[in-house]
Amino acid sequence: MSEETKLNVIGRASAVALWGLAGKIVSIEACVSAGLPGIDIVGLPDASVSESRKRLRAALAYLGIPVASQHLTINLTPGTVPKIGTGFDLGIAVAVLKAQGITTATDTESIIHCGELGLDGRIRPVTGVLPSLHSGLQAGFERFVVPVGNSQESALLGGGGVKAVASLAELINIYGGSLAVPELPPVVEAETISPEASERHDLVEVQGQAEARFGLEVAAAGGHNLLMRGTPGAGKTLLAQCLPGILPPLDDEQAIEAAAVRSLRGELNGGEGLDRTPPFEAPHHRSTASALIGGRRPGSIGILSRAHRGVLFMDEAPEFSRDVLEALRQPMESRQVHIHRAWGSMVLPASFQLVMAANPCPCGVGMRGAESTCRCTPMDKRRYRNRLSGPLLDRVDLQLELFPVSPADIRLGGGQEDSATVAARVHLARQRQAERYVDCEWTLNSNAPGAWLREHFALSPNSLRDLDRALDTGRITMRGYDRVLRVATTLADLEGAGAPTPDKITAALALRTQES
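The model shown is predicted, which means the values in this text are computed figures rather than measured ones. (Residues numbered from 1 in each chain as written. Predicted model: local features only at pLDDT ≥ 70, side-chain atom pairs only at ≥ 80, totals over all residues. Heavy atoms only, no water.)

**A closer look at the domain arrangement of the protein**
When its domains are assigned, the protein resolves into domain 1 (3-175) and domain 2 (203-447). Each of domain 1 and domain 2 has a C-alpha centre, and the two are 42 Å apart. With 15 residues of domain 1 at the interface, the matching set in domain 2 holds 20 residues. Counting the surface lost from both domain 1 and domain 2, the interface buries some 1400 Å², and carbon and sulfur atoms represent 73% of this. Considering only the surface of domain 1 that becomes buried against domain 2, W19, L21 and L156 emerge as the three largest contributors, covering 43% of it. The interface formed by domain 1 and domain 2 includes zero salt bridges. For the pair domain 1 and domain 2, the interface holds four residue pairs in polar contact (both at pLDDT 80 or more). Contributions of two or more residues to the side of domain 1 that touches domain 2 are made by β1 (10-19), α5 (129-138) and α6 (151-154). Top element by residues in the side of domain 1 that touches domain 2 is α5. It accounts for four residues. Of the residues that constitute the side of domain 1 that touches domain 2, the class distribution is nine nonpolar, five polar and one charged. (Domains from an automatic or database assignment. Contact = heavy atoms within 4.5 Å. Buried area = accessible area lost by both parts, 1.4 Å probe. Salt bridge = Lys/Arg side-chain N within 4 Å of Asp/Glu carboxyl O. Polar contact = N/O pair within 3.5 Å; in protein donor to acceptor, adjacent residues only side chain to side chain. Helix = DSSP H or I, 4+ residues; strand = E, 2+ residues; numbered from the N terminus. Nonpolar A, V, L, I, M, F, W, Y, C, P; charged D, E, K, R; others polar.)

Here it is as structure tokens:
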């Protein structure tokens, strides 16, 4: 191709710009123009994208492709969308090679490219491949090129239009070029972050605590938030670690959402298939609000989003800082995290089930039956309990009180139901909710509007008498009123009843307003 012809060629390719889990299709254009030799990248790239010109120049030189003596301009459109990360390298390389006449394929703009270039031309795996492919599918793209190291991750979507390549030379030949492929081992393993292993337990290990076990079952059946108060050693942490074992497995859409979050964090390899186990996150009580919410930099994922479609367990909840506790309130309602920083705004998913555990007082023994050993003053207890604010507790459906395990509980051990038995009842209750809410935007009782429940079940004033009295006396708020109805509906679902009865509403009210 003559120099004059090169000046009239525009190479094109496509990629995805991730902003949280949301992806925007980016069209990559490259052209050769007269001027001083060099490469310019425009279109709101960050530092890692701007540095791709150096990786591209080195990779082309290694493969024996002369870098253009003219000026290369690379445009990433739309220019108003920030481009972050090294995953744009591969699309930029494809567009440049087309502009230089090295490749002849004319359909590269209809293919999503994702991968980082090594200086020797090998294509290195990157984070966020799964949400990138998912965004591409939603935008109508059917073909994708990813690094070999991300091939197992990309296979989780089940699509057949994904091509995994090990080197730029291999891709050049696919697109009509003719180049000897260097004999280098492919980069097959992504440099992933090892996820922290969470302990999982079976309910058969719990000694005694019949009421707490029932409350955990109700929380699992309806997706309700839960607070457990009790002395150290009563089993609060053990019960919380049993919750993922009685929750239903994630469906396809939920599992892909959870996997996409792990992909953004670099924790996903996909070798074992799609993980349908609900996530379980248990942050330390010294965690900061920034760690909880995320967003220290674009693309960083907080603990709330890591718990998406799973459980967020906050042990020793009153020991968390007030900023952290109050940061829970908005995500608990909207099931999203809204991040506003100097670099911009972002929305991340955060549909989690909150479980909190707390001692009754700072020394931990201020429960009925143990008052003689409590060293805390009434003011100490009040100050400790007030660390969990009223607005936060108003969003917690179930508040359970756990008493110390007695010798009789230990001697009677072995008769408890295991997690599989409880999970079967939870599964049936979830099926009843799925049938009830088949035409609704929500799927769980914990998300159902109180007005919808009152109208759907045609609850009479007599059925709501205890609830109305609690609202009149200030025992509950209007938000609490609706949440009691949700728990009562879950109690009815567990028993297979068609609607919440007055005794179920009374029981739900008692589960919400217990106090030690």
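**Things to note about helix α3 (residues 52-62)**
An α-helical segment advances 3.6 residues per turn. Residues three or four places apart therefore align on the same side. Those residues of α3 not exposed but buried are S52, R55, L56, A59 and L60. Across the axial projection of α3, the buried residues extend over an arc of 125°, all falling on one side. What points out from α3, more than 90 degrees from its buried face, is the exposed set K54 and A61. Among the structural elements, β3 (38-42), α2 (47-50), α4 (89-99), β6 (116-117) and α7 (168-174) are those in contact with the buried residues of α3. One or two steps after α3, the chain reaches G64, where phi turns positive at roughly 80°. (Buried < 20%, exposed > 50% of the residue type's maximum accessible area, 1.4 Å probe, protein only. Arc of directions from axis to C-beta.)

**Here's the deal with the sheet that holds strand β12 (residues 311-314)**
Taken in spatial order, the five strands line up as β11-β12-β15-β10-β16 in an open sheet, and their pairing is parallel. This sheet does not close on itself; its edge strands, each paired only once, are β11 (280-281) and β16 (398-402). Inspection of the sheet shows β12 paired to strand β15 (residues 353-358) by four bridges, in the parallel sense. The residue of β15 that forms the bridge with V311 is Q353. (Pairing = 2+ DSSP bridges.)

**Some remarks on the packing of helix α20 (residues 465-472) against helix α22 (residues 502-512)**
Close contact between α20 and α22 brings their axes to 8 Å; oriented N to C, the two are set at 35°. Contacts from D466, L467 and A470 in α20 reach I505, T506 and L509 in α22. (Axes fitted to C-alpha atoms, helices over the stretch in contact; angles between N-to-C directions.)

**Details of the pattern of salt bridges**
Tallied over the full model, the rule gives 25 salt bridges. Two residues, D107 and R143, come together in a salt bridge whose shortest N-O distance is 2.7 Å. Note that D107 is positioned in the loop between α4 and β5 (111-113) and R143 in strand β8 (residues 143-147), a separation of 36 residues in sequence. Residue class for D107 comes out partly exposed when judged on its relative accessible area of 30%. Assessed through its relative accessible area of 37%, R143 is described here as partly exposed. R387 is the salt-bridge partner of E319, the closest N and O atoms lying 3.5 Å from each other.

**Remarks on the pairing of β8**
Across the five residues that make up β8, a large majority, four, are buried. Where β5 lies against β8, three bridges are found, and the strand directions are parallel. From the neighbouring strand, I112 faces β8, where its bridge partner is F144. Of the strand pairs in this sheet, β8 and strand β9 (residues 162-165) are connected by four bridges, and their pairing is parallel.

**Quick notes on α4**
Within α4, 11 of the 11 residues are buried, leaving the element largely enclosed by the surrounding structure. Turning to α4, its buried residues are D89, L90, G91, I92, A93, V94, A95, V96, L97, K98 and A99. Directly beyond the C-terminal end of α4, a positive phi value near 85° is found at G101.

**Concerning unusual backbone geometry**
Along the chain, T77 connects to P78 via a cis peptide bond; the corresponding omega equals 0°. Tracing the backbone through its elements, the reader meets P78 in the loop between β4 (71-77) and α4. With a phi angle near 65°, L44 is a residue other than glycine that sits in the positive phi range. With respect to the secondary-structure elements, L44 resides in the loop between β3 and α2. Overall, the relative accessible area of 45% leaves L44 in the partly exposed class. At A458, a residue that is not glycine, the phi angle is positive and equals roughly 50°. Tracing the chain through its elements places A458 in the loop between α19 (450-457) and α20.

**Some points on the packing of helix α8 (residues 210-222) against helix α9 (residues 236-246)**
Direction vectors running N to C along α8 and α9 enclose 40°, while the axes themselves pass 10 Å from each other. Comparing the axis directions of α8 and α9 gives the class oblique. The element α8 and its partner α9 pack so that their crossing is right-handed. Mapping the contact onto sequence places A212, R213, L216, E217 and A220 in α8 and L239, C242, L243 and I246 in α9. (Parallel < 35°, antiparallel > 145°, perpendicular 65-115°, else oblique. Left-handed = near helix turned anticlockwise from the far one by under 90°.)

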